[in-house]
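Now for the letters of each chain:
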Amino acid sequence: MVRTADFPEPTPEFNQKCVAIINRFGSGEMPYEQAIAELETLAKEADASGHLVNQGRVEQLLGYVQHYRGNLDVSIRHNERARNLYARAGNTRRVAIIDLNQGENYRFKGELNRAAKLYQTAYEVAEQVGDVQLQTQASSNEGLVLVALKKYDVAHGVFNKSLKLIQQLDLNDDTTATLLCEIYHGLAVIHLHEGNLEAAWARAVEAIQLAEKVNLPLIKGYANRTLGEVITELKTAPDSRFSSDPDDYYRESYNALQELKAEAEMARTFFSQALSLAKRGRRTMAARKLQQVMDMFTKLGMVDDAARAAEAQLTMM
């Protein structure tokens, strides 16, 4: 096994500057435009120093911010530059992280098989270098792709593997909590497909409890959307502490994601809400929202999602 410490890393001071920006952006404290401007300033500093891993680090984080803004092609370009810089520096682990990030970009663009291959490659490297967090990320993301491909049985097995891996991590860490929330979301979708509403509800509640504990906009967006999907099928919340109106949770999801201006995820929340409205018999409103969603997906280059929204709209005509 190769030790993570064997790889050249960003200088501590430079990495701290990068992480401070991302933390402020992730909490909603720093707007997108300011985050990009400050990261670009650090990019110039890294270029001037000639430090390859510092250069790769800031390119990686520019890709991260652009991804959540929905600028997927821009994010892909930043990640390509980061991957090249990390490879030149000989940091195999960070190359795998970029493969993981690119998988997310291609998953959002609808290139699901390409995304799955990138996740598998990242997982293999993470296993070789003993990075459990990276293994868990790659595994859980592969599970989400398999759900999108409707390979529910295979996805269930992958998520179970992810849950075993995550037990080795610090469950109080925000990154771990985000991963766990995504896993619970994926499992809730699988349980809904199986018709196991009790299990779907349990996973959705676990996700929302995590979101309330960590209080990060992205996790709150995921968790509230999941709860909206589950309550749509249940029709009435089993617990009186929860609203039985799915729109309450879609509204919370959208508002949380709007703090980050995470346009791709905002569009996914609208799409989920449109499907929920249709299931509740509000077809006219659902059709209008689907048209809005298709425009959003098309603008963001999310081809597969736009096609699924168009297909859903056809069923309402």
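Look above for the structure.
Undergrad: Can you walk me through the overall build of the protein chain in this structure?
TA: Counting its secondary structure elements, the protein chain contains 15 helices and zero strands. In terms of overall dimensions, the protein chain is globule-like: its C-alpha atoms have a radius of gyration of 20 Å, near the 20 Å expected for 317 residues. Over its C-alpha atoms, taken along the principal directions, the protein chain stretches across nearly 60 × 35 × 35 Å. Residues classed as buried in the protein chain amount to 55% of the 317 residues present. Within the protein chain, counting contacts between residues at least 6 apart in sequence, those at least 24 apart form 62% of the total. Element-wise, carbon and sulfur atoms account for 48% of the exposed surface of the protein chain, whose accessible area totals about 14,200 Å². Side-chain charges in the protein chain split into 37 positive and 42 negative, and the spacing between the mean points of these groups amounts to 3 Å.

Undergrad: Even after reading the chapter, I still don't get helix α7 (residues 132-148), so can you show me in this structure?
TA: It helps to recall that an α-helix has 3.6 residues per turn; residues three or four apart then point in one direction. Counted at 1.5 Å a residue, the expected span for α7 with its 17 residues is 24 Å, and the 24 Å between its end C-alpha atoms agrees. Counted residue by residue, α7 has 14 buried out of 17 residues, so it is predominantly covered. A distance of 3.3 Å separates the backbone nitrogen of Q133 from a side-chain oxygen at the start of α7, and that oxygen is part of D131.

Undergrad: I tried to follow helix α1 (residues 12-26) on my own but got confused; where do I start?
TA: Helix length check: α1 (15 residues) gives 20 Å between terminal C-alpha atoms against 21 Å at 1.5 Å per residue, within 8%. All of the buried residues in α1 are F14, C18, I21, I22, F25 and G26. In a view along the axis of α1, the buried residues occupy a sector of 130°, so they form one face of it. In α1, the exposed residues that point more than 90 degrees away from the buried face are P12, E13 and Q16. Taken together, the buried residues of α1 touch α2 (32-49), α3 (52-69), α11 (217-234) and α12 (246-260). Positive phi appears at G28, one or two residues downstream of α1, with a value of about 85°.

Undergrad: Looking at this structure, I do not really get the nonpolar core. What am I missing?
TA: Counting residues in each nonpolar core, the largest one holds 84 residues, and the members touching the most others are F159, W201, L227, F242 and F297. With ten residues, helix α9 (residues 174-194) is the single largest residue contributor to this core. Every residue in contact with F297, bar those within four places of it in the chain, is listed here: A264, A267, R268, F271, M302, D305, A306 and A309. Within the second largest apolar cluster, 17 residues are counted, among which are I21, A35, L39 and V58.

The rules behind each value
Residues numbered from 1 in each chain as written. Predicted model: local features only at pLDDT ≥ 70, side-chain atom pairs only at ≥ 80, totals over all residues. Heavy atoms only, no water. Helix = DSSP H or I, 4+ residues; strand = E, 2+ residues; numbered from the N terminus. Rg over C-alpha atoms; globule rule 2.2 N^0.38 Å. Buried < 20%, exposed > 50% of the residue type's maximum accessible area, 1.4 Å probe, protein only. Contact = heavy atoms within 4.5 Å. Areas by Shrake-Rupley, 256 points an atom, 1.4 Å probe, with all protein chains shown as cover. Lys, Arg positive; Asp, Glu negative; His and termini not counted. Charge placed at Lys NZ, Arg CZ, Asp CG, Glu CD. Expected span 1.5 Å × (residues − 1). Polar contact = N/O pair within 3.5 Å; in protein donor to acceptor, adjacent residues only side chain to side chain. Arc of directions from axis to C-beta. Core = buried A, V, L, I, M, F, W, Y, C linked by side-chain atoms within 4.5 Å.

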